[in-house]
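# Breakdown of the fold
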Amino acid sequence: MDAIVLGGGLIGAASAFFLARRGVRTTLIERNRVGSGATVASFGNIRRSGRYLPQLPLAHRSLALWDQLATMLGRDVEFRATGHLRLIFSHEGLRAMRSFAEDARPWGLELEELTAKDVRARFPGIGPEAIAASFSPKDGSGNPRLIAPAFADAARKLGADIVENIEVEAVRKSEYGFQVETSKGVYAASMLLNATGAWGARIAGLFGETVPMVAKGPQMGVTEPLPHRVLPVVGVWAHDHGGGYLRQVERGNIVFGGGAERTDVSLDTGYAKADPARLPSQLRSLLPLFPALRNAAVIRTWSGCEGYVEDGLPVMGPSSTTAGLFHAFGFSGHGFQLGPGVGDVMAEIMEKGRTDIPMEDFRVERFQKLPRP
Ligand SMILES: Cc1cc2nc3c(=O)[nH]c(=O)nc-3n(C[C@H](O)[C@H](O)[C@H](O)COP(=O)(O)OP(=O)(O)OC[C@H]3O[C@@H](n4cnc5c(N)ncnc54)[C@H](O)[C@@H]3O)c2cc1C
């Protein structure tokens, strides 16, 4: 059994690792450097609260993998289960949190509800005006710079071929299987996994499949190091105060995102640029989460090109037109948490033809036009 994985972000690199671990002869083809797309730009949030409920089994499987990655990959990818604190500043936020918490319980996610007093006692300096919060103790964050290269290196050790910095000229299927024509020659295999992130709909389009998706760049930033005060990842419910989020890394810097409109990105360049004009209002929207930000200097801002599918859900599973073709793209800003789980489940589907994880809602067929009656 052999497979080409097209695209070396977290999704492609994790899939290559799990395919190789299952004994599938695997070639990962990344036109730039592994991990240099949306993955390296990510905030690094490993969060299950607020997710589409039928995605929770996959999110749980992924979280369990994040916890094992240091051993599995032989490298610390800085997964820290610091917990995820989601602040509430409005009655709408409280309603949204309670309704999600109740609906999520049968799906195996328990959120603790914290009162305003609990928040102040447990997390001093965070959300002083919050009226309540949810806390998900097992969630946390990982390092977006380390994760995809760690998966790719571990895949290489299992025998996968990792091909980077290459011009991909054509992707085709013939009676002999898939051929990927590149500046370094032709690669062929019987299976192809489309893990090309924001470019996923273009590759699907080559095989007659239409996915409504746009490319956008969320705006991120990082401050100078501050004294350690923020342990969990901090976000908000119901888009209170613009929907900002932040976390403090071990070196002390505060990484932040949200609270600013995503910019449009052209897929021809894939170049996503942070807009300095949006930074002041973005920072203002974060002050209710962590007022000490008021005196912090921002040392870097950035963005990254991510694909947003019209219905907000990713495309995962077998192609509806082409035997041997599989898709895993369009993670709409949620793919970092899911990445290891998606790699594991896609490898399982490709090698065994099935998985116990519910994947129906993510199939590419959902966009097929129904025939006229
Ligand atoms: C600014 C930002 C913040 C984010 N924050 C979070 C977060 O906090 N939590 C969360 O869960 N998710 C977050 N995400 C989303 C998350 O980073 C991604 O969903 C996740 O990393 C999975 O990415 P991917 O592998 O699908 O795509 P990518 O990392 O973009 O990888 C796709 C790769 O395919 C390559 N490629 C494209 N076309 C071709 C081709 N024809 N041939 C060969 N290679 C090709 C590209 O070069 C690219 O490297 C964020 C995204 C951005 C942009």
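Heads up: the structure comes first, above all this text.
Notes on the structure in this doc start here. Note that this is a predicted model, so its numbers are computed, not measured.

Basis of the calculations
Residues numbered from 1 in each chain as written. Predicted model: local features only at pLDDT ≥ 70, side-chain atom pairs only at ≥ 80, totals over all residues. Heavy atoms only, no water. Helix = DSSP H or I, 4+ residues; strand = E, 2+ residues; numbered from the N terminus. Buried < 20%, exposed > 50% of the residue type's maximum accessible area, 1.4 Å probe, protein only. Contact = heavy atoms within 4.5 Å. Core = buried A, V, L, I, M, F, W, Y, C linked by side-chain atoms within 4.5 Å. Domains from an automatic or database assignment. Near = heavy atom within 4 Å. Polar contact = N/O pair within 3.5 Å; in protein donor to acceptor, adjacent residues only side chain to side chain. Areas by Shrake-Rupley, 256 points an atom, 1.4 Å probe, with all protein chains shown as cover. Nonpolar A, V, L, I, M, F, W, Y, C, P; charged D, E, K, R; others polar.

### Section: the side chain of Ser62
- Checked against the element boundaries, Ser62 lands in helix H3 (residues 56-73).
- Looking at Ser62, the relative accessible area reads 0%, which means it is buried.
- Apart from the residues within four sequence positions on either side, Ser62 is in contact with Gln337, Leu338, Gly339, Pro340 and Gly341.

### Digging into the nonpolar core
- Trp66, Phe151, Val342 and Met346 are the most contacted members of the largest nonpolar core, which totals 64 residues.
- Contributing elements (two or more residues each) for this core: strand S1 (2-6), helix H1 (10-21), H3, helix H4 (91-104), helix H6 (147-157), strand S12 (191-194), strand S22 (325-329) and helix H9 (335-352).
- For this core, the two domains that each supply at least three residues are domain 1 (2-44 + 145-212 + 311-367) and domain 2 (84-137 + 219-303).
- With near-sequence residues (within four places) excluded, Phe151 lies in contact with Leu10, Ala13, Ala14, Phe17, Phe18, Leu69, Leu73 and Pro340.
- Listed in part, the 24 residues of the second largest apolar core include Leu87, Leu226, Val230 and Ile254.

### Quick look at the site of the ligand
- Around the ligand, 33 residues are found, and the nearest of them are Glu30, Ala38, Thr39, Glu306 and Phe336.
- Within the backbone of Ile11, a nitrogen or oxygen atom sits 3.1 Å from an oxygen atom of the ligand.
- Contact between the ligand and Gly44: an oxygen atom at 3.4 Å from a main-chain N or O atom of the residue.
- Coverage of the ligand by the protein chains reaches 96% of its 1000 Å² of free accessible surface.
- For the shell around the ligand, the secondary-structure elements that each account for two or more residues are H1, helix H2 (38-41) and H9.
- Broken down by class, the residue content of the shell around the ligand amounts to 14 nonpolar, 16 polar and three charged.

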